[in-house]
Amino acid sequence: MDSVHEIAITGQNLPAKYIYTDGINPSQNPSIPLPLLEIPVIDFNRLATPSTGTGEELGRLRSALSSYGCVMVTNHGVASSLMDRVRLVFKQFLALPMEERLKCQKEVDGFDGYGSDMIVTKDVAVVHDFSARLRLITWPEDRRQMKYWPEKPHDFREVLDEYSSKLRVLHDATLKAMARSLNLEDDSTFLKVIREGGTISSRFNFYPPCPTPDRVLGLKPHSDGTVITFVLQDREVEGLQVLKEEQWFRVPIVADALVLNVGDQLEIMSNGEFKSPIHRVVLNPKKERISIATLSFPQEGKQIEPFEGLVSRERPRLYRQVKYNGVTQLGYYQSGKRVTDEVRI
Ligand code: OGA
Ligand code: NI
């Protein structure tokens, strides 16, 4: 277990299960760097506080999420120092001896805890992600599984508690702004799905340096099975890439901004108005990278379907109803499928 982390530290040769034998960009010339995504930057202040600029910013949000499916959010109310602290406690956790890290180890078939997302299959040709992650439910508080929350560094829990409560406020306000941007009468239309038994988790990702980044991926191409996702990127090391019109683009690092992604569940609920973008994480030959994703999910078994106010003669219903199921969702990820393709009418 924990092979990713230990391989990176000891510099062993990479086992075949991590290697894309065709390369990760077979159709592109690896010596030409990929273009940088001109990702729209949304000023959260201008979305949340009614003012003359509000309508305009909502329009920009809507148009970005309908084309790119992701934006950078600034002025989001999360202090730069808190973002640094959450990065720091994760780095301190990673620096602990393996024995200590393994106290938070996830169960083979569990979601929460520390480990890598092993791909459960008999097919040896399946390629694994070269990354380790620590995932923890943070909201609602009574769903927290404290046995997976690191006790070291000593302030890990306190920092995550503070960070996740800020992110929850941002999450809720963002879902409301998204509903307003579509002119929905009830701005809680999307948020309700989370409030009615849903959860919010933090996923700390660690990507080791990799001497052959053209043949190994930190995270393979996927769209998030969430309602929405916020990604706090590494301060310095790029790695996140988004697929747009069959071309991969690098997501830039914008100091203190958070990346907001539409997830598959919201693509369905918005009847395809918002797009859940396909993205991946590439590795750096010399430098490790970390990121902290905040993910919101519906309750297990929740019926997800296009909101009726977004279905019309001009805009026919695009997706069937589907019961949210975390295990099915993980299975889609592992086999490179997307729920939105599975339920498209
Ligand atoms: C994810 C993800 C991006 C990153 O955790 O689903 O896409 O930059 N992370 O680590
Ligand atoms: Ni993702």
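An unreviewed UniProt entry annotates the protein chain as Fe2OG dioxygenase domain-containing protein of Linum trigynum. Word for word, the UniProt comment on the protein chain under Sequence similarities (unreviewed entry) is "Belongs to the iron/ascorbate-dependent oxidoreductase family."

Enquirer: Honestly, the side chain of serine 164 in this entry has me stumped. Any pointers?
Expert: In this fold, serine 164 is placed in helix H6 (residues 156–181). Here the side chain of serine 164 touches leucine 160 through a polar contact of 2.7 Å, landing on its backbone oxygen. Excluding residues that lie within four positions of it along the chain, serine 164 makes contacts with Thr138 and Arg144.

Enquirer: Please clarify how the UniProt feature "domain: Fe2OG dioxygenase" (unreviewed entry) in the protein chain should be interpreted in this entry.
Expert: UniProt feature "domain: Fe2OG dioxygenase" (unreviewed entry): in the numbering of this structure it lies at residues 198–298. Here residues 198–298 runs as 6% helix and 47% strand, with 4 Å between its end C-alpha atoms.

Enquirer: I'm lost on the sheet that holds strand E1 (residues 41–43) in this one. Help?
Expert: Through backbone hydrogen bonds, the strands of a sheet pair up, either in parallel or in antiparallel fashion. Within the open sheet, the 8 strands sit side by side as E1-E2-E10-E7-E12-E5-E4-E3. Their pairing is mixed. Two strands bound the open sheet, and with one partner strand each, they are E1 and strand E3 (113–115). Here the strands of the sheet are splayed against their neighbours by 25° on average, with no regard to which way each runs. Sheet topology places strand E4 (residues 132–139) next to strand E5 (residues 199–207); 7 bridges connect them, and they run antiparallel.

Enquirer: Honestly, the coordination of the nickel ion (ligand 2) in this entry has me stumped. Any pointers?
Expert: When four donors bind a metal tetrahedrally, each ideal donor-metal-donor angle is 109.5 degrees, and when six bind octahedrally, the ideal angles are 90 or 180 degrees. Coordination of the nickel ion (ligand 2) by the protein is provided by His222 (NE2), Asp224 (OD) and His279 (NE2), with metal-donor distances spanning 2.1 Å. Spacing between the donor residues of the nickel ion (ligand 2) along the chain follows H-x1-D-x54-H. Here histidine 279 lies in strand E11 (residues 279–282) and histidine 222 lies in strand E6 (residues 217–222), a separation of 57 residues in the sequence. Accessibility expressed as a relative area gives 5% for histidine 279, which makes it buried.

Enquirer: Any chance you could explain the pattern of salt bridges here in plain terms?
Expert: Side-chain pairs of opposite charge can arise whenever the charged atoms involved come near each other. Scanning the model with the defined rule gives 21 salt bridges in all. For the salt bridge of aspartate 256 with arginine 235, the shortest nitrogen-to-oxygen distance reads 3.7 Å. Of this pair, aspartate 256 sits in the loop between strand E9 (247–250) and strand E10 (258–262) while arginine 235 sits in the loop between strand E7 (228–232) and strand E8 (240–244), and the two are 21 residues apart along the sequence. Salt bridges linked by common partners bring Asp84, Arg87, Arg235 and Asp256 together as one network.

Enquirer: Could you clarify how one ought to interpret the site of ligand 1 in this entry?
Expert: Surveying the vicinity of ligand 1 reveals 13 residues, the closest of which are Tyr207, His222, His279, Arg289 and Ser291. A distance of 3.2 Å separates an oxygen atom of ligand 1 from a polar atom in the side chain of asparagine 205. Between ligand 1 and the protein, one listed contact pairs an oxygen atom with a side-chain N or O atom of histidine 279 at 3.0 Å. At the level of secondary structure, the elements contributing two or more residues to the shell around ligand 1 comprise E5, E6, E11 and strand E12 (289–297). Class assignment of the residues belonging to the shell around ligand 1 gives a composition of 6 nonpolar, 4 polar and 3 charged.

Enquirer: Would you take a moment to explain the pairing of E11 for this structure?
Expert: Residues His279 and Val281 point to one face of E11 and Arg280 and Val282 to the other, with burial holding for every one of them. Examined bridge by bridge, E8 and E11 share 3 bridges and lie antiparallel to one another. Across the sheet, residue glutamine 241 finds its bridge partner in E11, namely arginine 280.

Enquirer: Would you mind going over the sheet that holds E11 with me for this structure?
Expert: With respect to topology, 4 strands assemble into an open sheet ordered E6-E11-E8-E9, the strand pairing being antiparallel. In this open sheet, the two edge strands, each paired with only one partner strand, are E6 and E9. For this sheet, the mean inter-axis angle between neighbouring strands, taken without regard to orientation, is 25°.

Enquirer: Where do I start with the packing of helix H4 (residues 80–94) against H6 in this structure?
Expert: When two helices pack together, their arrangement is given by the angle between their axes and by how far apart the axes lie. At a minimum axis distance of 10 Å, the contact between H4 and H6 shows a crossing angle of 140°. By the angle between their axes, H4 is oblique relative to H6. With respect to the hand of their crossing, H4 and H6 are arranged in left-handed fashion. Residue-level inspection shows Leu82, Met83, Arg85, Val86, Val89, Phe90 and Phe93 of H4 in contact with H6, the latter providing Phe156, Glu158, Val159, Glu162, Tyr163 and Lys166.

Enquirer: Got a minute to help me understand unusual backbone geometry in this structure?
Expert: Among all residues except glycine, the phi angle is most often negative; among peptide bonds, the trans geometry is most common. A cis amide bond, omega 0°, links tryptophan 139 with the succeeding residue proline 140. Counting through the fold element by element, proline 140 comes out in the loop between E4 and H6. In this model, lysine 152 is joined to proline 153 through a cis peptide bond whose omega is -5°. Structurally, the position occupied by proline 153 is in the loop between E4 and H6.

What counts, and where the lines are drawn
- Residues numbered from 1 in each chain as written.
- Chains lettered and ligands numbered in written order.
- Predicted model: local features only at pLDDT ≥ 70, side-chain atom pairs only at ≥ 80, totals over all residues.
- Heavy atoms only, no water.
- UniProt positions renumbered as here; feature names shortened; annotations may be inferred.
- Helix = DSSP H or I, 4+ residues; strand = E, 2+ residues; numbered from the N terminus.
- Polar contact = N/O pair within 3.5 Å; in protein donor to acceptor, adjacent residues only side chain to side chain.
- Contact = heavy atoms within 4.5 Å.
- Pairing = 2+ DSSP bridges.
- Axes fitted to C-alpha atoms, helices over the stretch in contact; angles between N-to-C directions.
- Donors = N, O, S within 2.8 Å, 3.2 Å for Na, K, Ca; no water.
- Buried < 20%, exposed > 50% of the residue type's maximum accessible area, 1.4 Å probe, protein only.
- Salt bridge = Lys/Arg side-chain N within 4 Å of Asp/Glu carboxyl O.
- Near = heavy atom within 4 Å.
- Nonpolar A, V, L, I, M, F, W, Y, C, P; charged D, E, K, R; others polar.
- Parallel < 35°, antiparallel > 145°, perpendicular 65-115°, else oblique.
- Left-handed = near helix turned anticlockwise from the far one by under 90°.

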